[in-house]
Amino acid sequence: MDVTHAMLNSLLDRIPRPSGVLYLSQNIDAHALVENLASLHGEPRALVLDGVMAPGVSEVHGTNLLDLLEGRAETLMTWAHAGQWLGAGTALDAQGDIVPVLAVTPRRIRVLPAGIAGQDEDWVERLIGITGWTLPPRRPDLDWTQVEARMGTRLPRDYKRMVETFGEGAFDAYLRLNQEPWTHGKEDGLLVWAGTEHENLYCWQIDDGDPDHWPVAVQTFDGENVPFGCSTAEFVCRILLERDHPFTMAHYFDTHWFMTSRTNA
């Protein structure tokens, strides 16, 4: 049986919360289940393949899901979404048959210090910790020399590391990371590195100096230009964590993630 989005939502609603497992009929297509979830939540990580835990998996990859399945998982793909780990695949049911399965459990990330660190902080590494990022780098071989030659300028190193690490997608499924800066504001001294569905544009205020020192500026949907004296990755860390930031995302989620698009698979 194929799986529609309506059916998928109905199945997800049936999973006991906060942690639980739902064993499904063999008539349901497990592959379609995974593909539908991937279309909603981005590229998954393989937790179990052919009954064996995938290489490099640790507790930060949602292994609590395996405890729920009591070692009976045959194939399990996982997604970090908001405050939960979501798993889908196949597992042995109580009768020993391999059936499609859905599972969910709360997601916890590494506890970060209450204060934001100083100038020497590696903000990309901090961003990886904040989002609980577990996938391998999505675009490690991107040729920045070509990109920068095409744009006629060098780009900030932390931005390039963010693109290499996360690839296409959006922080908290909201702040979409541009894979190459938009140049339509260049005549105003702006390059756009991210945007939101609310039509705010996240930019750098560029000059002829070191790109690593370009400050972030937000151009709001009504044309206001709001400057911030920080780098790209630092800015994202701050809006994820600081509830009093003017562009905060901390009001919406206590646990943050990066929803990666499937185009980088």
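Use the structure listed above.
Here the structure is a predicted model, which is why all the values come from computation and not from measurement.

J.: I would appreciate a short explanation of the layout of surface pockets in the present structure.
T.: Over the atoms rolls a probe the size of a water molecule, and its path tells where empty space is left. If you add up the space inside the largest pocket, you get close to 410 Å³. Lining the largest pocket are 20 residues; nearest its centre among them are W123, D158, D212, H213 and S231. Put simply, the parts of the chain that give the lining of the largest pocket at least two residues each are helix 4 (123-131), helix 6 (157-166) and helix 7 (232-241). Considering only residue class, the lining of the largest pocket consists of eight nonpolar, five polar and seven charged. Of the voids in this model, the second largest pocket is the one considered here, and its volume is about 250 Å³. Every residue along the wall of the second largest pocket is listed here: D172, Y174, H198, N200, Y202, P246, F247, T248, M249, Y252 and F253. Of the residues assigned to the lining of the second largest pocket, the class counts are seven nonpolar, three polar and one charged.

J.: What is the right way to look at the pattern of salt bridges in this model?
T.: It is possible for side chains of opposite charge to pair when their charged atoms get near one another. Across all of its chains, the model carries nine salt bridges by this definition. Taking the shortest distance from any N to any O, the salt bridge between R161 and E125 comes out at 3.4 Å. Taken together, the positions of R161 in helix 6 and E125 in helix 4 put the pair 36 residues apart, joining distant regions of the chain. In this structure R161 comes out as partly exposed when scored by relative accessible area, which is 31%. With a closest N to O distance of 2.9 Å, K160 and E148 form a salt bridge. One end of the pair, K160, is in helix 6; the other, E148, is in helix 5 (residues 144-151), with twelve residues separating them in the sequence.

Rules of the game
Residues numbered from 1 in each chain as written. Predicted model: local features only at pLDDT ≥ 70, side-chain atom pairs only at ≥ 80, totals over all residues. Heavy atoms only, no water. 1 Å grid on protein atoms, 1.4 Å probe; cavity = no way out; pocket = protein on both sides within 12 Å on 5 of 7 lines; lining within 4 Å. Points joined across faces, edges and corners; volume = space filled by probe spheres on them. Helix = DSSP H or I, 4+ residues; strand = E, 2+ residues; numbered from the N terminus. Nonpolar A, V, L, I, M, F, W, Y, C, P; charged D, E, K, R; others polar. Salt bridge = Lys/Arg side-chain N within 4 Å of Asp/Glu carboxyl O. Buried < 20%, exposed > 50% of the residue type's maximum accessible area, 1.4 Å probe, protein only.

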